[in-house]
Each structure stands twice: as C-alpha cells, then as structure tokens.
2 protein chains.
Amino acid sequence: MRYRATMTSRRGFLAGAAGLATLGLGPPARAEGTMYGLIGKMTAYAGKRDELTAILLEGLGRMPGCLSYVVAHDPQDADAIWVTEVWTDEAAHRASLQVPEVKTAIQKGLPLIADFSDAITTTPVGGVGLGAPAGHG
Amino acid sequence: MRYRATMTSRRGFLAGAAGLATLGLGPPARAEGTMYGLIGKMTAYAGKRDELTAILLEGLGRMPGCLSYVVAHDPQDADAIWVTEVWTDEAAHRASLQVPEVKTAIQKGLPLIADFSDAITTTPVGGVGLGAPAGHG
C-alpha cells in the first residue's frame, strides 16, 4: 500500500468528509480554476455505521459547487465508511462548511465517529458523474 | 494513515482503474443489488502523467452502468493519478472491461504505468453525482 498523507490533517478531513465547519481549519493553498477532491475514511463506533451514514447523506443536495460526494461502506470493515468528494474548487468546499444543514449534520455525526484516516486531497481533472453542480451559483 | 488493502489485488485494481480485461482476474464475490466502488492510485512513468490521464479519460461515456469515474491528479506527486469509480453493480464493472474502447485504452495506457497501489473496493450507498448511468441498459 502506498497511500500517502498530503497536506490535509485529520481535522481537515473531518471537515471535508462530514462538513465540520466549526473546527475552523483552513485548507492548504491551491491553484485557482481547478477542481478540488478529497478521499478519506472514517470509522464509526461499533454498530453505528448505518446511523452515521444516514447523517452523512443528509442535506447533500444543499451544497453549491459539489460535483460529486459518494458515501460508501467498506465491505471488509463493518464500521468503516469511505467518502470521496469533488468540488468545483476549493472555495466551494470551504463554503459548504457554513451551510446550516451541514453544520447540523456535523453536530449529529461527530459523537458517532471513533476514528479518521488522514484524507488524500486531489485535483480532479475529468470523468463521469461530474455534471452540473447541485445548487451552483 | 489507516488505508487497508481489501480483496482486490494490484492486478485487480489495474483492471478496475484502467479497464484491463485481458488480465482475466475475477473480482471477489459480492452481494447482488448493491453498487460497486473502487478507489486506487496509479503512478505514471516520469513525465507521462498527462498522457496517461488523457488515455484514462477516453471512451468513458461508453461504459454502461458507470455511475461515476473520476480521474484526479495528486497535487503532492507529479506522477500520481487517483481513480475513484462507482458502478451500478459489480457485473457492470466487469462487463466494461469488454468494451472495445476500454480495451484500446488499456493497450495504450499500460506502457505508461510504473506502479499501482492496491485498490480499495467499496459498497457505495448514496451521495451526489450518482445520476442515471451513462448508456445503462
């Protein structure tokens, strides 16, 4: 396995995956005009994955500039969730952390999370499923 | 970092990310009716990432059952590409490996790839950017 940590801290990923605006950590500097991606894993307390999943999926339609946000279960770990995200740019991701529905989800989800793996930040360059962003503008 | 290898071998990911049907490795058994996801990283030979990226993006519209396929650059590694995929089910992913355009991309891309990290297989459960599959049916 060659997965490497990038500039995103654990807390940074927490903010990224679950929309944790209240942690107030600024993301790393990044070039203008590029998409912004996150790949990361969180582990729920035993038996809490479904509940955490439902919270993560709440309010996803209300995030301007979100091109893709996939919540997936790890078939090898009954408590683990993978979250992969694509945003129009880093600013859109940052702004999403101020959305009231996202803040509410954070408050509900945090007590269910036992552990975070450091996130990978990426620069998406294209693909399938990156259509018009929901609520963009 | 807590990234764990699952049942997908390096070759399995090779098949997953670049559509390498010719390797002929069967994917692990999986429940019916669930989406199928892959997360993995490949490293191009020095200076070849852009060329490999273009090849990966070729023919993506021709994969029935593909809900999401994101090609992303690693901002920390000038040769690295992250690929994240979501399929309607595992059979759709497997079938994509027989698409002529995918086979052609494989033949063109393989000589540019220096290394693969083991892929994570996931069971996507929902999110943004998982609309009607391109060419499904």
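If you're wondering where the values come from, they're calculated on a predicted model, not measured in any experiment.

Here is what the cut-offs are and how they apply
Residues numbered from 1 in each chain as written. Chains lettered and ligands numbered in written order. Predicted model: local features only at pLDDT ≥ 70, side-chain atom pairs only at ≥ 80, totals over all residues. Helix = DSSP H or I, 4+ residues; strand = E, 2+ residues; numbered from the N terminus. Buried ≥ 20, exposed ≤ 12 C-beta atoms within 10 Å, placed from the backbone. Contact = placed C-beta atoms within 7 Å. Pairing = 2+ DSSP bridges. Core = buried A, V, L, I, M, F, W, Y, C linked by C-beta atoms within 7 Å. Least-squares fit on C-alpha atoms with pLDDT ≥ 70 in both. Axes fitted to C-alpha atoms, helices over the stretch in contact; angles between N-to-C directions. Parallel < 35°, antiparallel > 145°, perpendicular 65-115°, else oblique. Nonpolar A, V, L, I, M, F, W, Y, C, P; charged D, E, K, R; others polar. Arc of directions from axis to C-beta. pLDDT = per-residue confidence, 0-100.

Moving on to the overall build of chain A. In terms of regular secondary structure, chain A is built from four helices and five strands. Helices and strands in chain A line up, N terminus first, as α-β-α-β-β-α-α-β-β. With 137 residues in all, chain A has 48% of them scored as buried. When contacts within chain A are restricted to residue pairs at least 6 apart in sequence, those whose partners lie at least 24 apart make up 79%.

The subject of this paragraph is the interface of chain B and chain A. Listed per partner, the contact involves 41 residues of chain B and 41 residues of chain A. Contributions of two or more residues to the side of chain B that touches chain A are made by strand E1 (36-44), helix H2 (49-57), strand E2 (66-73), strand E3 (80-87) and strand E5 (120-128) of chain B. Take the side of chain B that touches chain A: its biggest share by element is nine residues, from E5 of chain B. As paired elements, strand E2 (residues 66-73) of chain A and E5 of chain B share five bridges and run antiparallel to each other.

In this section: the nonpolar core. Leu 52, Val 71 and Ile 81 of chain A together with Leu 52, Val 71 and Ile 81 of chain B are the most contacted members of the largest nonpolar core, which has 66 residues in total. Dropping the residues within four chain positions of it, Leu 52 of chain B is found in contact with Ala 44, Ile 81, Gly 109, Leu 112 and Ile 113 of chain B.

With that settled, consider the relation of the copies chain B and chain A. With an RMSD of 0.0 Å, chain B superimposes on chain A once it is rotated by 180 degrees and translated 0.0 Å along the axis. Taken together, the turn and the small shift mark the pair as related by a two-fold rotation axis. Relative to the rotation axis, the C-alpha of Gly 129 of chain B is the closest in chain B, positioned 2.5 Å from it. Counting the interface residues of chain B, we find that 100% of their copies in chain A are interface residues as well, pointing to one common contact surface.

Residue and element names in this part refer to chain A. At a closest axis distance of 9 Å, the pairing of helix H2 (residues 49-57) and helix H4 (residues 100-109) adopts a crossing angle of 170 degrees. The angle between H2 and H4 falls in the class roughly antiparallel. Between H2 and H4, the contacting residues are Leu 52, Ile 55 and Leu 56 on the first element and Ala 105, Lys 108 and Gly 109 on the second. For the contact of H2 with H4, the class distribution of residues is four nonpolar, one polar and one charged.

Time to look at the environment of Trp 87 of chain B. By secondary structure assignment, the location of Trp 87 of chain B is in strand E3. Once the C-alpha coordinates of Trp 87 of chain B and Leu 130 of chain B are considered, the two residues, 43 residues apart in sequence, prove to be 9.1 Å apart.

We now examine H4 of chain A. By the burial criterion, the buried members of H4 of chain A are Val 102, Ala 105 and Gly 109 of chain A. Along the long axis of H4 of chain A, the arc covered by the buried residues comes to 60 degrees, so they all point the same way.

What follows deals with H2 of chain A. Regarding H2 of chain A, the residues found buried are Arg 49, Leu 52, Ile 55 and Leu 56 of chain A. All buried residues of H2 of chain A lie within an arc of 125 degrees about the axis, which places them on one face of the element.

Okay, the environment of Leu 52 of chain A next. Within the element layout of this structure, Leu 52 of chain A appears in helix H2. A residue is classified by how many C-beta atoms lie within 10 Å of it, and Leu 52 of chain A, with 25 of them, is buried.

Turning next to the confidence of the model for chain A. All names here are of chain A. Overall, the predicted model of chain A reaches an average pLDDT of 78, with 72% of residues at or above 70. Within chain A, the element-level pLDDT minimum falls on helix H1 (residues 10-18), averaging 42, and the maximum on strand E3 (residues 80-87), averaging 97. Note on residues 1-30: pLDDT under 50 across the span, and 77 contacts to partners over four residues away in sequence or across chains. Across the whole predicted complex the pTM is 0.76, and at the interface the ipTM reaches 0.76.

Moving on, we get to the environment of Asp 77 of chain B. Relative to the helices and strands, Asp 77 of chain B is located in the loop between E2 and E3. Along the primary structure Asp 77 of chain B and Gln 107 of chain B are separated by 30 residues, whereas in three dimensions their C-alpha atoms are 24 Å apart.

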